[in-house]
Amino acid sequence: MTFQKDFLWASASAAYQIEGAALTNGKGPSIWDIYSHVEGNTFKNTTGDVAIDFYHRFLEDIQLMKEQGLQAYRFSIAWSRVLPTGTGNRNEEGIAFYHTVIDTLLAHGIEPIVTIYHWDLPNALQEAYEGWLGREVVDDFHAYATLLFEEYGSKVNYWVTMNEQNIFTSLGYLQKLHPPKMNDFQAFLRANHHANLANAKTIKTYRAMGFHGKIGPSFAYSPAYAKSCAPEDVLAMEDALELENWFWMDTYVNGAYPILAVRKIEQMGYHIPMMEGDAEILQDSRPDFMGVNYYQTTTIAKEVEASIKPSGNTVQSTAQRPTDTWYRVSDNPYVQKTDWNWMIDPSGLRIALRRITSRYQLPTLISENGLGAYDTLEADGSVHDPYRIAFLKAHIEAMEAAIADGCEVLGYCTWSFQDLFSWLNGYAKRYGFVYVDRDEENERELKRYKKDSFYWYQRVIATNGQER
Ligand code: BG6
């Protein structure tokens with residue numbers, strides 16, 4: 001058997017993408033509650049106001065998870081549901097809600113994997129000190145995380161500190177695609193440095209509190225290929241590895257920024273705003289695992305002739321980046337693409353797991369992997385999604401090959417269990433095993449329907465990955 005006995009067959013989600021109840025029962029607004037209401041920021045101006053109403057329908061969803069045999073469910077806590085202004089006064093109803101969700105999961109035999117932060121910063125902190133740009137966010141994040149450990153620490157064995165720090169800092173501060181919609185490399189470095197400090201302090205505190213669960217960040221890892229064996233393309237790829245991958249993962253694992261990335265940043269005329277004591281905060285915060293959100297690979301060239309054709313069904317960035325002079329993202333003619341022009345590349349998952357294992361000697365948790373596609377609900381309530389089954393099967397086989405190569409993988413979270421709100425793609429880009437009957441224009445009754453992939457993953461789980 002390739003998959004160890006306690007391998008976790010799981011699935012994942014995020015608060016803003018499923019909960020709805022945006023301002024219900026004391027929840028404060030997050031930056032996404034504000035951002036998604038500004039015309040043009042999201043696809044067809046969709047919001048997570050209602051999302052798929054997990055806040056009211058969590059029991060039905062957890063019963064479906066149980067029916068499928070799901071062993072773990074990754075979800076995030078909305079900071080502003082627990083602390084409406086990000087700091088200070090607690091919202092007891094919000095705190096109780098997550099107790100209920102966790103207890104319900106446990107009662108159904110499902111291990112909770114809790115993400116502390118999945119992009120929905122309390123808007124009050126954005127207003128008070130510009131959110132991640134304010135140094136105060138480090139202590140506020142740490143206090144919020146400590147509160148979660150006090151409340152839920154005895155029940156939760158897996159914690160993800162931050163979801164895709166590389167994405168929320170890049171899209172928020174460089175590419176103008178997420179709040180606060182900036183294109184400022186120095187601001188990006190500042191926000192990211194604060195996130196690194198918050199992550200490190202949180203991991204240390206979790207351990208100091210005496211818990212024995214596992215904790216780590218989730219990194220959006222798109223392993224880089226060189227476009228060609230021309231030395232300038234290979235060097236461009238090496239630069240991309242430094243600035244797009246090691247810049248984050250080395251800092252998490254080694255507790256210090258990587259030498260080459262720092263030099264490159266200085267050569268571009270920017271700096272990481274280190275203050276006295278920061279080096280010590282970053283040290284000794286090695287995570288228990290590297291969370292890997294894997295969707296696709298990226299192909300790098302010094303100069304680009306053929307860039308990736310943008311999909312019409314999303315919000316696009318046209319912002320320039322200073323790194324453009326070092327490397328560009330190119331098309332990859334060797335792989336198929338999704339309807340949103342994401343590369344379908346199962347081998348990339350194997351490569352991701354191998355690179356992490358050999359560079360860090362750290363276990364991985366695949367915290368997201370899945371296919372966003374259009375689905376059709378048939379008149380009889382069935383949804384036939386062989387393309388999703390084929391995608392997941394190929395990625396499970398790649399993961400199995402990586403395990404045979406020597407990688408330690410704790411579990412596999414598909415993205416996602418239910419269809420949910422996609423930040424920049426509305427509701428038509430579906431990822432779930434469970435179809436949720438709503439679209440951009442109409443929430444309808446949000447009824448749930450099991451897709452063919454629901455039953456397929458049920459078999460995978462029941463046979464510990466042997467039947468797929
Ligand atoms: C990851 C995020 O980046 O990718 C998820 O952690 C997100 O929140 C997922 O939904 C898929 O991306 P998208 O843009 O297709 O929704």
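As shown above, the structure is provided for reference.
On a predicted model such as this, the values are computed, not experimentally measured, just so you know. (Residues numbered from 1 in each chain as written. Predicted model: local features only at pLDDT ≥ 70, side-chain atom pairs only at ≥ 80, totals over all residues. Heavy atoms only, no water.)

Mapped onto the secondary structure, arginine 448 falls in strand S15 (residues 448-450). Judged by relative accessible area, arginine 448 falls into the buried class, the value being 9%. It is 8.9 Å that separates the C-alpha atoms of arginine 448 and glutamate 60, two residues lying 388 residues apart in sequence. The residues touching arginine 448, leaving out its near neighbours within four places in the chain, are Ile52, Phe54, Arg57, Glu60, Asp61, Leu64, Val434, Tyr435 and Val436. Here leucine 446 takes part through its backbone oxygen, which lies 2.9 Å from a polar atom of the side chain of arginine 448. (Helix = DSSP H or I, 4+ residues; strand = E, 2+ residues; numbered from the N terminus. Buried < 20%, exposed > 50% of the residue type's maximum accessible area, 1.4 Å probe, protein only. Contact = heavy atoms within 4.5 Å. Polar contact = N/O pair within 3.5 Å; in protein donor to acceptor, adjacent residues only side chain to side chain.)

Moving on, we come to the sheet that holds strand S8 (residues 298-301). On the basis of which strands lie adjacent, the open sheet formed by three strands has the order S6-S8-S9 and mixed pairing. Either end of the sheet is taken by a strand with one partner, and the two such strands are strand S6 (224-226) and strand S9 (328-330). Taken over all neighbouring pairs, the strand axes of this sheet differ in orientation by 50° on average, direction set aside. Across three bridges, the pairing between S6 and S8 is parallel. Considered in S8, the bridge of alanine 224 is made with threonine 298. (Pairing = 2+ DSSP bridges. Axes fitted to C-alpha atoms, helices over the stretch in contact; angles between N-to-C directions.)

The next point concerns the sheet that holds strand S12 (residues 364-368). Pairing is parallel around the closed barrel formed by eight strands, whose spatial order is S1-S2-S3-S4-S5-S7-S12-S13. When the angles between neighbouring strand axes are averaged without regard to direction, this sheet yields 25°. Relative to strand S4 (residues 158-163), strand S3 (residues 111-117) is paired through four bridges, and the arrangement is parallel. In the strand pairing of S4, valine 114 is matched with tryptophan 159. Along the sheet face, helix H5 (residues 92-107) touches strand S2 (72-76) and S3 and points at about 170° away from the line of S2. With respect to the sheet, helix H14 (residues 386-405) is in contact with strand S1 (8-12), S12 and strand S13 (409-415), its orientation differing from that of S13 by roughly 165°.

What follows is about the packing of helix H7 (residues 136-152) against helix H9 (residues 185-208). Where H7 contacts H9, the two axes come as close as 9 Å, and the packing angle between them is 30°. It follows that H7 is roughly parallel to H9 by the angle criterion. In this structure, H7 meets H9 at a crossing whose hand is right-handed. Listed contacts from H9 to Val137, Val138, Asp139, Phe141, His142, Ala145, Thr146 and Phe149 of H7 are His194, Leu197, Ala198, Lys201, Thr202, Thr205 and Tyr206. Residues that form the contact of H7 with H9 fall into these classes: eight nonpolar, five polar and two charged. (Parallel < 35°, antiparallel > 145°, perpendicular 65-115°, else oblique. Left-handed = near helix turned anticlockwise from the far one by under 90°. Nonpolar A, V, L, I, M, F, W, Y, C, P; charged D, E, K, R; others polar.)

Along the chain, arginine 438 falls in the loop between strand S14 (434-436) and S15. Here arginine 438 sits buried without a salt bridge, and the closest side chain of opposite charge, glutamate 443, lies 4.3 Å off (N-O distance). Beyond its immediate sequence surroundings of up to four residues, arginine 438 is in contact with Val50, Ala51, Tyr427, Arg430, Glu443, Arg444 and Leu446. (Lys, Arg positive; Asp, Glu negative; His and termini not counted. Salt bridge = Lys/Arg side-chain N within 4 Å of Asp/Glu carboxyl O.)

With burial as the criterion, each face of strand S7 (residues 290-293) is covered, one bearing Met290 and Val292 and the other bearing Gly291 and Asn293. The pairing of strand S5 (residues 214-220) with S7 spans three bridges and is classified as parallel. Counterpart to alanine 220 in the pairing with S7 is asparagine 293. Here S7 runs beside S12; their pairing, made up of four bridges, is parallel. When the sheet's bridge partners are listed, valine 292 is paired in S12 with isoleucine 366.

By themselves, these are just geometric observations and shouldn't be taken as functional.
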